[in-house]
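Here is how the chains run, residue by residue.
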Amino acid sequence: MGIHRSNRLTFRSLSRYVAVACLSIVTVGVIGAEAYDIDTTRTRDPRPPELPLSTKLARVPSTILYAPFWVLEQATYGLVWLGYEQQFGKQIIEGILDPTLPVVPIISYSGREGFAGGLGFRLRDIATSGDEWRLAGSYSQYNYASVLAEASFGRRNRQPFQLVISGRYTKNTREPFFGIGNGSQQRDEVNFTLETTTLEADARFVLSQSLTVLGNAGYAAHNLGDGEDDDFVSDLDAIIDTFGLATEDIASTRYLFGGLGLQLNWENQPFRPTTGGQIRAQTLYHQGVARSDNLQYFRTHVELYQRIQFFRERVFTLLVEANSIDVVDPTENEEPPFYLESSLGGNAGLYGYEPERFIDKESLRGLIEYSYPIWDILDGFLFYEQGRVFSSFTNDFSWRNWRFSWGGGIRLWGADGVIATMRISTSQETTRFAFQLGAGL
Amino acid sequence: MNRLWVTLSITTVMALFIGCGSSAPKLTPEDPHWRDNDARPIPKPEESSESIAWDAVRRGTFNQIQQLLDVDRSTRIIFGNRQESWNINSYDEVPNSSWFTNRHYFTPLSRKKMMSGAGTAPPDTTGTWVVSRPKVGGVTPGFWITDPKGDTYILKFDRIGFPELATGAAAIAGRVFHAAGYFVAEEHISYFHRDSLEIKEGLTYKVDGERVLFTTETLDGILARVQASSDGYYRVLASKLIPNVMGPWSFTGTRSDDPNDWCPAENRREIRALKILCAWLNHWDIKDANTINSFVGNDDTGYVRHYLLDFGTVMGTVSDRPYGRRRGYHNYFDLKDIFLTSLSLGLYVWPWEKIGPITYPEIGYFESEQFNPKRWKPGYPIPPFENMTHRDAFWGAKLVMAFRDDDLEALVDAAYFTRPEVRTEMLRILRERRDKIGRAYLGATSTLDRFAISDDGNGSLVVSWDDLLQDWGLVTSGETRGEVRFDGNIITVLPRTREQQITVPSETVSAMQTAWDAKRTNPDASPLFRLRLTTERSESNWATHHVDLWLWYHDDDNKWQLVGVQRHD
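Counting starts from 1 at the beginning of each chain's written sequence and moves along it residue by residue. Key to labels: chains lettered from A, ligands numbered from 1, both in the order written. It should be noted that, the model being predicted, local features are given only for residues of pLDDT at least 70 and side-chain atom pairs only at 80 or more, the latter also being counted only at that level, while totals for whole chains, interfaces and linings use all residues.

**Student:** Whenever I open this one, helix α13 (residues 420-441) of chain B confuses me. Can you help?
**Tutor:** Each turn of an α-helix holds 3.6 residues, which means side chains three or four residues apart point in the same direction. Residues and elements named next belong to chain B. Segments assigned H or I by DSSP are reported as helices when at least four residues long, segments assigned E as strands when at least two residues long, and all are numbered from the N terminus. The length a helix should cover is 1.5 Å for every residue beyond the first. For α13, which comprises 22 residues, the first-to-last C-alpha distance of 32 Å matches the rise-based estimate of 32 Å (1.5 Å per residue) to within 8%. Here exposure depends only on C-beta density: within 10 Å of a residue's C-beta, 20 or more other C-beta atoms make it buried, 12 or fewer make it exposed, and intermediate numbers make it partly exposed, the C-beta atoms being placed from the backbone. Those residues of α13 lying buried are Val422, Glu425, Met426, Ile429, Leu430, Arg433, Arg434, Ile437, Gly438 and Tyr441. Those residues of α13 hidden inside the fold are in contact with α8 (274-281), α11 (390-401) and α12 (405-413). Contact criterion: two residues are in contact if their C-beta atoms, reconstructed from the backbone, are within 7 Å.

Dropping the structure here:
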């Protein structure tokens, strides 16, 4: 009985539950089915929508406006196709970016030299692993000429010892000269020709991660001649008269030189350093030969900079730099001619002035720079600098009449340091734009 | 000449405004369509080639200029009336096609299906794998193998020092794109021992244009550059060969030799809204070269299917090493951002600069705190991404938000991270980025979706929906009111409801039928009724939006059919 009733109840209950459950499933299922199940049998033959009149009309001016860019686009496509998709084009571009290609064209322009063109030949790993041999020559619109032969052994920042042996000939036909001393005037600009031949050996010994010893020795010959820019006084005799120079101030010279230096670096990384700094001190002894026997002097260069991280990768850099020429025995020896003295202006500091703008025995410069990251390998920077030349730090030093320049630019970084710098700088006298390949602060 | 330009400009602008007028959409009982018939048999088109360099130049410069000088496009942007996607159906959805298949959003995938992705089974590890082809191109080391079943896979590895980074990210990304609806290759995390590899006899590869034998030393050289476990096993992402490939598809235009390719890629919603998924996963390297066409059929006739390919540069990885932090915030060469950064003199701090150091090598810089979906950028500008409208973005955000927490667990579990803390962190990042996408894009229009209509048996109509914001936990509630119109006249205003359904009472239904009876004799009239649903949120950061449901009355069998869904910004 119990079992029977139990069975009947179970059957009835189950029937009801099943009915309710089915109803619920059907109800929810119907709503849900319409909501979630998409009927992919409902197919259409797709076609673009009928576009409004405005869109059709607007195609006319759009096409006309883009027409010149279309031509440019096709030309660019051709260049990319040739330069990147084709093996030989790829090799040329790779050669320019990473000059393993033996031949590299040299093209440049500057106001003083005019357009210059030439060729460079480069070979690597000929005698030893890491050696590099370069031969380059260029000639410019205004007869500037340059020939370089160089062999380097050991790669910088890769191997502990690096030796570079080079021979160089340059002929600069429009070199400016403004007179000697801090008080020289821009309006007094004259120009002359300077031919320079050097044979030189540079060595770097990396003693530790932070300490490097620098060695340097060689021979140099300088010949002076009349300048070729007729807009300025360019006759050597006239130059002597203009500035009241002594004969030795403007003599041609030949000399041997050699010296040592130390570089202590505590930057946190070679790529875009944010903290740390560097001290570099180097002294070179110069001994005149041939007709320059009386030339005996030391050239000393000291440079100190410290980077201070402002926040994130924004960095302030403070730099102090001094150059000094010390004649071994002033009573016996000649003063070196003006073109061998310390100078400020252009890439040597006081960027906002003409190159070699200020010349004297000693020079001192201080710079503060703020740099900030712009892109992956691109930094922006702003700088302010002050500098002055002196006839003697001890006898002539003064805090007055310091020259200043300021400006900004961008800097391209490679893994081992700066690859290129573009700088706009201005001073009381002029505004200069400069592009510099290679290291710079 | 000046007059010509002025006339053209005025005509364009006026015509544009004329075209802006809203009207009832052209709907029929055939709507909505859920499949675009773009698989009609065609002769096999030419294989297309890729040029990564040209792609970068074209996208970064010429496409930008072209867009700027496109009078129609620029005028539309100025007046906030961007052209909507072409391939949407009357529900404002994307029908299935050779580009896209509606999957997880409408029919949630099971954990098992989510984990298996586009694949069915991983490579067979019971026997020897034969190295059948060296990998050509790309940054990362790899090679092709054929497993004992005869299936061919390309193997991608992890870099030494970054175990599970590249393989894990790609495994997750491939599954996400598949579940969302895109075509992707079958990809599996797999493990093998060096001893189980054999090199196909006579296998060669090219070095500087010359054929060189692929030797044991070559193989060991490749394996020496990749991460291996202490017991000599290698973890790989095995990506199955897509058959019959025929080069990449383009993010612009159509193929002239494919009659099925009717809609320019830049006007496809699934390609425009791909940006949202890419932003979620930081798929920064999306480009033509990372797509592929496959010819489905025999050599004579078939159709082209369009795949996304190579997720080696997603989340925190670029190929096999960690991304730089700035990826996803700028294009490769972003002139505008370079200009702005230069001008700001470094005083403006980009969000990526605030990203801390890498905590987990398996994850890299992939993070959620600084992520802003609306500011995310791919490697270089992708035209469809730039054409994305609010509705496209809403649709893309739906796809992303459809991955709920348990789905994310399935996805991350498919990456087989060894360390549990990595799994937890990856889940957190994906979840937070997903919710940021939801908050950024869902608010652009009404978030009522997946509508259904049913008869309650008493003559009333029940219209139900999913309130996405509420279901996905972004708001606590919403209040919806309805308004029924026919031929421009209000028939009734329905009372507010907090439920996810609204009832059109039988009296209103009768009134609707009567209204149609009065118009039946008009040959231009159609039995199309508009039910406007307006939802208000108590949370102030969500605007009030309305959505129009278009109901078709079948008077022959007294049935109602939902034929259209029209969203308004």
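**Student:** Looking at this structure, how should I read the domain arrangement of chain A?
**Tutor:** Accessible area lost upon the coming together of the parts serves often as the stated size of an interface. Domain limits in this description derive from either an automatic procedure or a database domain assignment. On domain assignment, one finds that chain A holds domain 1 (68-98) and domain 2 (154-437). Put simply, the middle of domain 1 of chain A and the middle of domain 2 of chain A, counted by C-alpha atoms, are 39 Å apart.

**Student:** Honestly, the sheet that holds strand β17 (residues 461-467) of chain B in this entry has me stumped. Any pointers?
**Tutor:** Sheet strands pair via backbone hydrogen bonds, and the direction of the pair is either parallel or antiparallel. Residue and element names in this part refer to chain B. An order of β16-β17-β20 is seen for the three strands of this open sheet, with the pairing classed as antiparallel. For this open sheet the edge positions go to β16 (448-455) and β20 (501-504), each flanked by a neighbour on one side alone. Within the sheet, the average angular offset between the axes of one strand and its neighbour, ignoring direction, is 20°. In terms of strand pairing, β17 meets β20 through four bridges, oriented antiparallel. What sits directly across from leucine 461, in β20, is valine 504. Here, a strand pair is defined by DSSP locating no fewer than two bridges between the strands. Working convention: axes come from line fits to C-alpha atoms, limited for helices to the stretch in contact. Angles between N-to-C directions cover 0 to 180 degrees.

**Student:** Which parts of the structure should I look at to understand the interface of chain A and chain B?
**Tutor:** Chain A puts 43 residues into the contact, and the matching count from chain B is 46 residues. At the level of secondary structure, the elements contributing two or more residues to the side of chain A that touches chain B comprise α1 (2-36), β1 (43-44), α2 (53-85), β15 (362-375) and β16 (378-390) of chain A. Polar here means any residue outside two lists: the nonpolar Ala, Val, Leu, Ile, Met, Phe, Trp, Tyr, Cys and Pro, and the charged Asp, Glu, Lys and Arg; Gly therefore counts as polar. Along the lines of polarity and charge, the residues of the side of chain A that touches chain B split into 25 nonpolar, eight polar and 10 charged.

**Student:** Looking at this model, I keep getting lost on the domain arrangement of chain B. Mind explaining?
**Tutor:** All names here are of chain B. Here chain B is described as being made up of domain 1 (37-442) and domain 2 (448-567). For domain 1 and domain 2, the distance between their C-alpha centres works out to 40 Å. The interface is formed by nine residues belonging to domain 1 together with nine residues belonging to domain 2. Counting residues per element, the side of domain 1 that touches domain 2 draws most heavily on α11, which supplies three residues. Of the residues that constitute the side of domain 1 that touches domain 2, the class distribution is three nonpolar, two polar and four charged.

**Student:** Help me understand the nonpolar core in this model?
**Tutor:** Across soluble globular proteins, you tend to see nonpolar side chains buried next to one another. Residue and element names in this part refer to chain B. Formed by 90 residues in total, the largest nonpolar core has its most connected members in Ile276 and Leu277. For this core, the leading source of residues is helix α5 (residues 165-180), giving 11 residues. Throughout this description, the term nonpolar core refers to a group of buried Ala, Val, Leu, Ile, Met, Phe, Trp, Tyr and Cys residues whose C-beta atoms join them within 7 Å. By size, the runner-up hydrophobic cluster in this structure holds 26 residues, among which are Phe451, Val463, Val547 and Val565.

**Student:** What should I look at first to understand the packing of α11(B) against α13(B) in this one?
**Tutor:** Each pair of packed helices can be summarised by the angle the axes make with each other and by the distance between the axes. Residue and element names in this part refer to chain B. Contact pair α11 / α13: the axes reach a minimum separation of 9 Å and the direction vectors enclose 155°. On the basis of their axis angle, the class for α11 and α13 is roughly antiparallel. The chirality of how α11 crosses α13 is left-handed. Within the contact between the two elements, α11 uses Ala393, Phe394, Ala397, Val400 and Met401 and α13 uses Arg434, Ile437, Gly438 and Tyr441. Per-class residue counts for the contact of α11 with α13 are seven nonpolar, one polar and one charged. Roughly parallel means an angle under 35 degrees; roughly antiparallel, over 145; roughly perpendicular, 65 to 115; everything else is oblique. The hand of a helix crossing depends on one turn: near helix anticlockwise from the far one by less than a right angle means left-handed, and clockwise means right-handed.

**Student:** Any chance you could explain the pairing of strand β23 (residues 559-567) of chain B here in plain terms?
**Tutor:** Along any regular strand the residues' side chains alternate between the sheet's two faces. All names here are of chain B. Sheet analysis places strand β22 (residues 545-554) next to β23, joined by eight bridges and oriented antiparallel. Looking at β23, one finds that tryptophan 550 is bridged to glycine 564. In this structure, the hairpin formed by β22 and β23 is closed by a connection of four residues, where asparagine 558 is found at a positive phi of approximately 55°.

**Student:** So what exactly am I meant to see when it comes to the confidence of the model for chain B here?
**Tutor:** When pLDDT drops low, the exact placement of atoms in the prediction is not to be read closely. On a scale of 0 to 100, pLDDT captures the predictor's confidence in every residue. Considering every residue of chain B, the mean pLDDT works out to 89; 94% of them sit at 70 or more. With a pTM of 0.82, the predicted complex shows an ipTM of 0.79.

**Student:** What should I look at first to understand the packing of α8(B) against α13(B) in this one?
**Tutor:** Residues and elements named next belong to chain B. In contact at an axis separation of 9 Å, α8 and α13 are set at 145° when each is read in the N-to-C sense. α8 and α13 meet at a crossing whose hand is right-handed. Side by side, α8 and α13 meet where Ile276, Ala279 and Trp280 of the first sit next to Arg433, Arg434, Ile437 and Tyr441 of the second. Residue classes in the contact of α8 with α13 are distributed as five nonpolar, no polar and two charged.

**Student:** Before we go on, may I ask you to explain the sheet that holds strand β19 (residues 489-497) of chain B in this structure?
**Tutor:** All names here are of chain B. Pairing in this open sheet of five strands is antiparallel, and the strands run β19-β18-β21-β22-β23 from one edge to the other. The sheet terminates laterally at β19 and β23, the two strands that pair on one side only. Neighbour-to-neighbour, the strand axes of the sheet open up by a mean angle of 20°, direction not taken into account. Sheet strands touched by helix α15 (residues 506-519): β18 (478-486), β19, β21 (528-537) and β22. Its angle to β19, the strand with the most contacts, is close to 160°.

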